[in-house]
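Chain by chain, the residues:
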Amino acid sequence: MKLRWPTWVRPRAAIGLLVVCAALAMGPLLHDNIYWHNQLTLTFLGIAAALAWNWLGGYLGQVSFGHAAMFGVGGFAAAQAQIHLHVPMVPAWIAGGVLAGLFALIWGHPTLRLRGPYFSIATIGVGEATRLVCTYWDAFTGGSSGLSLPMQQNLKHQLYWYGIALAAVALAGSYALRRSPLGLSLLAIKSDVDAAGDVGVSSTRLQDLVLFLSGGMIGICGGFYASYFSYIEPGNMFGFDRSISWVLTGVIGGIGTIAGPAFGAVVFVLLQQSLIASYPQLYLGLYGMLLVLVILFEPLGLTGLALRVLHRARPDLSVTGVAGED
Amino acid sequence: MPAILRAEGLSKRFGGLKANDNVSIALEQGSILGLIGPNGAGKSTCFAMLAGSLPPTSGRIFIGEREITGLPAFQIARAGVVRTHQIVRPFANLTLFENCAVAAVQSSGLAHEEARALARETLEFVGLANRRREYPAGLTLASRKRLEMARGLSCKPKVLLLDEVIAGVNPAEAREMVTLIRRIRDERGVSILMTEHVMAAVMSLCEHVTVLDAGKLIASGTPQEVVANPEVIAAYLGKKHA
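These numbers were taken from a predicted model, which means no experiment stands behind them. (Residues numbered from 1 in each chain as written. Chains lettered and ligands numbered in written order. Predicted model: local features only at pLDDT ≥ 70, side-chain atom pairs only at ≥ 80, totals over all residues.)

### Re the overall build of chain B
Part 1 of the reasoning: Along chain B, the regular secondary structure elements total 9 helices and 10 strands.
Part 2 of the reasoning: The C-alpha radius of gyration computed for chain B amounts to 18 Å, which stays within 12% of the reference 18 Å derived for 242 residues, consistent with globular compactness.
Part 3 of the reasoning: When the backbone C-alpha atoms are referred to their principal axes, chain B occupies close to 55 × 40 × 35 Å.
Part 4 of the reasoning: A buried classification covers 48% of the 242 residues belonging to chain B.
Part 5 of the reasoning: Put simply, 65% of the contacts in chain B that link residues at least 6 apart link residues at least 24 apart. (Helix = DSSP H or I, 4+ residues; strand = E, 2+ residues; numbered from the N terminus. Rg over C-alpha atoms; globule rule 2.2 N^0.38 Å. Buried ≥ 20, exposed ≤ 12 C-beta atoms within 10 Å, placed from the backbone. Contact = placed C-beta atoms within 7 Å.)

Here you go:
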């Protein structure tokens, strides 16, 4: 049987993704600079999480300030599975992700009836409540002292490649959600949920589906994070600043675009890591300024900026219709 | 002719207010039925119940033999009853083609490529094909109303509910709109239930007219019968003119 791509997949995009992944995967074979190695691994994690956040916040316009809840649930579930059930690392991440996705559905199914700022405020409550419950839930999170994961040989090298895979899966997911027939329905819901219903878009089911995928992917990221640092504690995993960082990366990179949040994540991680040693709080200040500039001048963030430059250089290229053009 | 859309004893209460009180409507296959009445008579509430945006307090709704009472809006759209909005609600972040494509993909029951072809063809049908790559923000009100109708038609409906699609456009555009509505029925075979304040359009398009006043059905018949009905005149102009 011959493998056929769906009509909405551009071969160029698929090949491009594979080439970039292959090039990045060569990294550790060519150099052994541990600093850049770690830096890139964290960047891949940031990319995957920012893209997953964007499925809900960008495609559906339901901006969540509580995604750290799923990050933590996925992380601790994966850690528990590895410590007590001796599940191998990757299946443990996936189990953690599924659990995080289901957890997202439990609070999200009722909450997604709210829209815009009302939904966002509800997610702040969910995030903080989850953090508090989990801080006191010793059996699940080890309480304030946290959990230590089993040590493994050569883990950091493995995780570099898993990180590439994670980011690639998230990017492919972003592409599929946006460009498949589903993508138009999501944008219709974002624009006008009632009018979307009137033309047959089942908004409740689609919103639940996207929330499950988004929460699940964030949960997998939590599992990855737990393995990477091999020690996790609730205050960090469920931290509000973690949720905020995904909102920032999404908005600055280009909310609702396919790959924008990935750029946002690259800038965020690099700024954070290069400034945190000398000026611990400065990167947040810089990021805040970027946020203000984006909101004032370029609603599509870095992606919008790139498209403008591209459009100036090549006015013949249409840069507005990102997907589903006729 | 059998009724394609039938409402039996629909009522809707908002607290103490009866917005619709025991309204029964039958739309015959292939016909155009007008639903008229003064402002606040309950026309839009009636539409909202038929399209599933509001659940009725009591009463039943059928499409053909199938009961659709209480189904959510998206299922009613897929079952073949699609509404347009009095105040147009295009998807601002989608191109005209994408506006229609999303409706066709979700509700026409066609496979993906055929659904997209239907969306293209429907835009052609309402006269917006050359602007299919544009966004709705650049359209005039009349064109947006056409888009609203094209999006509805892309669902491949059995029944189209048109909520004041003529009101608010200039006389030349209104004449074109009347022609378009007639073509939807004649060329697409879609039965139409329309509310409208522009009486000239109602008189020329509708085979039957049903009149609502204060939530109650007060008259029903051909347009000529209805405009001569003393109760209808009283509802619009006051008792001394009846």
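Resuming the write-up.
### With respect to the domain arrangement of chain B
All names here are of chain B.
Part 1 of the reasoning: Domain assignment breaks chain B into domain 1 (3-80 + 158-241) and domain 2 (89-156).
Part 2 of the reasoning: Averaged C-alpha coordinates put domain 1 and domain 2 at centres separated by 24 Å.
Part 3 of the reasoning: The partner domain 2 presents 9 residues to the 10 residues of domain 1 that form the contact.
Part 4 of the reasoning: Elements supplying a minimum of two residues to the side of domain 1 that touches domain 2: α2 (73-79) and α6 (171-188).
Part 5 of the reasoning: Residue contributions to the side of domain 1 that touches domain 2 peak at 4 residues, all from α6.
Part 6 of the reasoning: Considered class by class, the residues forming the side of domain 1 that touches domain 2 number 6 nonpolar, 1 polar and 3 charged. (Domains from an automatic or database assignment. Nonpolar A, V, L, I, M, F, W, Y, C, P; charged D, E, K, R; others polar.)

### Examining the pairing of strand β9 (residues 208-213) of chain B
Two faces belong to every sheet, and in a regular strand the side chains alternate between them.
Residues and elements named next belong to chain B.
Part 1 of the reasoning: Relative to β9, strand β3 (residues 32-36) runs parallel, the two being bridged by 4 bridges. When the bridges of β9 are listed, isoleucine 36 appears paired with valine 211.
Part 2 of the reasoning: Pairing of β9 with strand β10 (residues 216-221), which is carried by 5 bridges, proceeds in the antiparallel orientation. Bridge assignment links valine 211 to a residue of β10, and that residue is alanine 219.
Part 3 of the reasoning: Hairpin connection of β9 to β10: 2 residues between the antiparallel strands, including alanine 214 at a positive phi of 50°. (Pairing = 2+ DSSP bridges.)

### Here's the deal with the packing of helix α2 (residues 34-59) of chain A against helix α7 (residues 155-179) of chain A
Residues and elements named next belong to chain A.
Part 1 of the reasoning: Look at α2 against α7: their axes get within 8 Å of each other, and the N-to-C directions meet at 20°. One element, α2, and the other, α7, form an angle in the roughly parallel class. In this structure, the crossing between α2 and α7 has a hand that is left-handed. Counting all contacts with α2, which are made through His37, Leu40, Thr41, Phe44, Leu45, Ile47, Ala48, Leu51, Ala52, Asn54, Trp55 and Tyr59, the residues of α7 involved are Lys156, Leu159, Tyr160, Gly163, Ile164, Leu166, Ala167, Ala170, Leu171, Ser174, Leu177 and Arg178.
Part 2 of the reasoning: Among the residues forming the contact of α2 with α7, the class breakdown is 17 nonpolar, 5 polar and 2 charged. (Axes fitted to C-alpha atoms, helices over the stretch in contact; angles between N-to-C directions. Parallel < 35°, antiparallel > 145°, perpendicular 65-115°, else oblique. Left-handed = near helix turned anticlockwise from the far one by under 90°.)

### Structural notes on the sheet that holds strand β4 (residues 58-63) of chain B
Where strands meet in a sheet, backbone hydrogen bonds hold them as pairs that are either parallel or antiparallel.
Residues and elements named next belong to chain B.
Part 1 of the reasoning: Spatially, 4 strands are ordered β2-β1-β4-β5 in an open sheet, and the strand pairing comes out antiparallel. The sheet is open, and its two borders are formed by β2 (17-28) and β5 (66-67), each paired with just one other strand.
Part 2 of the reasoning: Here β4 pairs with β5 via 2 bridges, running antiparallel. In the sheet register, phenylalanine 62 faces β5, and the bridge partner there is glutamate 67.

### Some thoughts on the interface of chain A and chain B
Part 1 of the reasoning: Facing 19 residues of chain A, the contacting portion of chain B comprises 30 residues.
Part 2 of the reasoning: Listing elements by their share of the side of chain A that touches chain B, those giving two or more residues are α8 (181-191) and α9 (193-198) of chain A.
Part 3 of the reasoning: Top element by residues in the side of chain A that touches chain B is α8(A). It accounts for 7 residues.
Part 4 of the reasoning: Taken together, the residues that form the side of chain A that touches chain B break down as 7 nonpolar, 7 polar and 5 charged.

### Concerning the environment of A:Ile220
All names here are of chain A.
Part 1 of the reasoning: Within the element layout of this structure, isoleucine 220 appears in helix α10 (residues 203-229).
Part 2 of the reasoning: The class for isoleucine 220 is buried, based on 31 C-beta atoms found within 10 Å.
Part 3 of the reasoning: Excluding anything up to four places from it in sequence, isoleucine 220 contacts Gly74, Trp93, Ile94, Gly96, Gly97 and Leu166.

### Notes on unusual backbone geometry
Residues and elements named next belong to chain A.
Part 1 of the reasoning: The phi torsion at histidine 86 lies on the positive side, around 55°, for a residue other than glycine.
Part 2 of the reasoning: Looking at the secondary structure, you find histidine 86 in the loop between α3 (68-84) and α4 (89-111).
Part 3 of the reasoning: Backbone geometry at serine 230 places phi at a positive 50°, although glycine is not the residue there.
Part 4 of the reasoning: Here serine 230 lies in the loop between α10 and β2 (231-232).
Part 5 of the reasoning: For serine 230, a count of 14 C-beta atoms within 10 Å corresponds to the partly exposed category.

### Some details on the confidence of the model for chain B
Part 1 of the reasoning: Chain-level pLDDT for chain B is 89 on average; 99% of the residues reach the 70-or-more range.
Part 2 of the reasoning: For this predicted complex, the interface score ipTM comes out at 0.87, alongside a pTM of 0.87. (pLDDT = per-residue confidence, 0-100.)

### Observations regarding helix α5 (residues 141-153) of chain B
All names here are of chain B.
Part 1 of the reasoning: For α5, built from 13 residues, the straight-helix expectation of 18 Å at 1.5 Å per residue is met to within 8% by its first-to-last C-alpha distance of 18 Å.
Part 2 of the reasoning: The buried fraction of α5 is high, at 11 of 13 residues.
Part 3 of the reasoning: All of the buried residues in α5 are Ser143, Arg144, Lys145, Arg146, Leu147, Glu148, Met149, Ala150, Arg151, Gly152 and Leu153.
Part 4 of the reasoning: Contacts from the buried residues of α5 go to β6 (81-83), α3 (96-107), α4 (112-126), β7 (159-163) and α6. (Expected span 1.5 Å × (residues − 1).)

### Considerations on the sheet that holds β3(B)
All names here are of chain B.
Part 1 of the reasoning: Spatial ordering of the open sheet is given by β6-β7-β8-β3-β9-β10, a layout of 6 strands whose pairing is mixed. Each of the sheet's edge strands pairs with one partner strand only, and the pair in question is β6 and β10. Averaged over all pairs of adjacent strands, the angle between strand axes in this sheet comes to 20°, irrespective of strand direction.
Part 2 of the reasoning: Relative to the sheet, helix α1 (residues 43-51) contacts β3, β6, β7, β8 (191-195) and β9, its axis offset from that of β7 by approximately 150°.

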